[in-house]
Amino acid sequence: EQHLRGVIDINELLQADPERRLEEIMTKNVVTVAPNTMRNDIEALFRKYRFRAIPIVDDSKKIIGVIREKDVFLLEE
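Reading the values: rules and limits
Residues numbered from 1 in each chain as written. Predicted model: local features only at pLDDT ≥ 70, side-chain atom pairs only at ≥ 80, totals over all residues. Heavy atoms only, no water. Buried < 20%, exposed > 50% of the residue type's maximum accessible area, 1.4 Å probe, protein only. Helix = DSSP H or I, 4+ residues; strand = E, 2+ residues; numbered from the N terminus. Pairing = 2+ DSSP bridges. Core = buried A, V, L, I, M, F, W, Y, C linked by side-chain atoms within 4.5 Å. Contact = heavy atoms within 4.5 Å. Patch = residues over 30% accessible without salt bridge, like charges linked within 9 Å, V, L, I, M, F, W, Y side chains within 5 Å. Areas by Shrake-Rupley, 256 points an atom, 1.4 Å probe, with all protein chains shown as cover. Salt bridge = Lys/Arg side-chain N within 4 Å of Asp/Glu carboxyl O. Phe/Tyr/Trp six-rings, centres within 6.5 Å; stacked < 30°, edge-to-face > 60°. pLDDT = per-residue confidence, 0-100.

## Here we look at the pairing of strand β1 (residues 53–57)
- Within β1, four of the five residues are buried, leaving the element largely enclosed by the surrounding structure.
- If you look at the hairpin formed by β1 and strand β2 (residues 63–68), you'll find five residues sitting between the two strands, and Lys61 has a positive phi there, around 70°.

Written out as structure tokens, the structure is:
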């Protein structure tokens, strides 16, 4: 169904036991944004959670993109 099921930080992935399944180490309760989310709300999420990226999903939770922290705050400069 191509729904977002979880996320994992690249460092966590690289440090994980190679015998563990991805579903065991990924974060399943994912913070996401919709395509129409306001920029200031996205900035607040990055500041609150210290994410490097946030998935953008549609109404059915299908991932349609990713917004990176550096892209959001680069616009401020």
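Back to the text.
## What about the nonpolar core?
- Val33, Ile42, Leu45, Phe46, Ile54, Ile56, Val72 and Phe73 form the largest nonpolar core, which has eight residues in total.
- For this core, the secondary structure elements donating two or more residues are α3 (39–49), β1 and α4 (69–74).
- The greatest single-element share of this core, amounting to three residues, is contributed by α3.
- Each residue touching Leu45, except ones within four places of it in the same chain, is listed here: Val31, Val33, Arg50 and Ile54.

## Quick word on a nonpolar patch on the surface
- Among the surface-exposed residues, Ile10, Leu13, Leu14 and Leu22 lie close enough to one another that they form a single nonpolar patch of about 390 Å² accessible area.
- Looking at the nonpolar patch element by element, the count peaks at three residues for helix α1 (residues 10–15).
- With respect to the helices, strands and loops of the structure, Leu14 is situated in helix α1.

## A look at the packing of aromatic side chains
- Evaluation of the coordinates by the stated rule reveals two aromatic pairs.
- Ring centres of Phe46 and Phe73 lie 6.3 Å apart, and the angle between their planes is 70°; on these two criteria the pair is classed as edge-to-face. In this pair, Phe46 sits in helix α3 while Phe73 sits in helix α4, placing the two residues 27 residues apart along the sequence.
- The class of Phe46 is buried, set by a relative accessible area of 1%.

## Description of the confidence of the model for the chain
- Of the residues in the chain, 96% reach a pLDDT of 70 or more, and the chain-wide mean stands at 91.
- Least confident of the elements in the chain is α4, whose mean pLDDT is 87; most confident is β1, at 95.

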